Amino acid sequence: MNKRILITADIHYERIPKDQRISFLRYLIGSIDEFLPDVFIIAGDTVDNRNLRAESDDFKEVVDFINSIADTCIRTGTTFIILRGTPS
């Protein structure tokens, strides 16, 4: 049985200009909706700063970003995997 895999990597969320974050999220969600992969993978480096603090606005936005993708994957029956990136 063939599996459809959609993969992205090196998002470095904090480096995305704030005015482009929503359109980037919509792009990812639209890709999941269009291609209906069996698995969607973020293959490392979701965030840039390994010391991202939980009380920061960027951290809260990253959590919302990931939750939006997870909700889409649940809705479409897609397995969602996030791989840890390389320490820098």
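Data block above holds the structure.
Residues numbered from 1 in each chain as written. Predicted model: local features only at pLDDT ≥ 70, side-chain atom pairs only at ≥ 80, totals over all residues. Heavy atoms only, no water.

Visitor: What's the story with the nonpolar core in this structure? I'm lost.
Guide: The nonpolar side chains of a soluble globular protein tend to be buried with one another. With 15 residues, the main nonpolar core has Ile11, Tyr13, Ile32, Phe40, Ile42, Phe65 and Ile69 as its most contacted residues. Take this core: its biggest share by element is five residues, from helix α2 (residues 57-76). With sequence-adjacent residues up to four places away left out, isoleucine 69 is seen in contact with Leu25, Leu28, Ile32, Phe40, Ile42 and Phe80. (Core = buried A, V, L, I, M, F, W, Y, C linked by side-chain atoms within 4.5 Å. Buried < 20%, exposed > 50% of the residue type's maximum accessible area, 1.4 Å probe, protein only. Helix = DSSP H or I, 4+ residues; strand = E, 2+ residues; numbered from the N terminus. Contact = heavy atoms within 4.5 Å.)

Visitor: Explain unusual backbone geometry to me, please; I cannot follow it from the model alone.
Guide: Leaving glycine out, the prevailing phi sign among residues is negative, and the prevailing peptide bond configuration is trans. Phi at aspartate 10 is positive, roughly 55 degrees, even though this residue is not glycine. Structurally, aspartate 10 is set in the loop between β1 (5-8) and α1 (21-35). Phi at histidine 12 takes a positive value of approximately 45 degrees, unusual for a residue other than glycine. Taking the relative accessible area as the measure of exposure, histidine 12 reaches 17% and is therefore buried.

Visitor: I would appreciate a short explanation of the pattern of salt bridges in the present structure.
Guide: Side-chain pairs of opposite charge can arise where the charged atoms are in close proximity. If you walk through the whole model with that rule in mind, you get six salt bridges. Among the ionic pairs, aspartate 58 bridges to lysine 18, the shortest N-O distance being 3.5 Å. In this pair, aspartate 58 is assigned in helix α2 and lysine 18 in the loop between β1 and α1, connecting sequence segments 40 residues apart. A salt bridge links arginine 21 to glutamate 61; its shortest N-O distance comes to 2.7 Å. Of this pair, arginine 21 sits in helix α1 while glutamate 61 sits in helix α2, placing them 40 residues apart in sequence. For arginine 21, a relative accessible area of 5% corresponds to the buried category. Salt bridges sharing partners connect three or more residues here, namely Lys18, Arg21, Asp58 and Glu61. (Salt bridge = Lys/Arg side-chain N within 4 Å of Asp/Glu carboxyl O.)

Visitor: Hey, could you run me through the side chain of threonine 72 in this one?
Guide: Within the secondary structure layout, threonine 72 lies in helix α2. Since its relative accessible area comes to 5%, threonine 72 is described here as buried. Setting aside chain neighbours within four positions, we find threonine 72 in contact with Ile29, Ile32 and Asp33.

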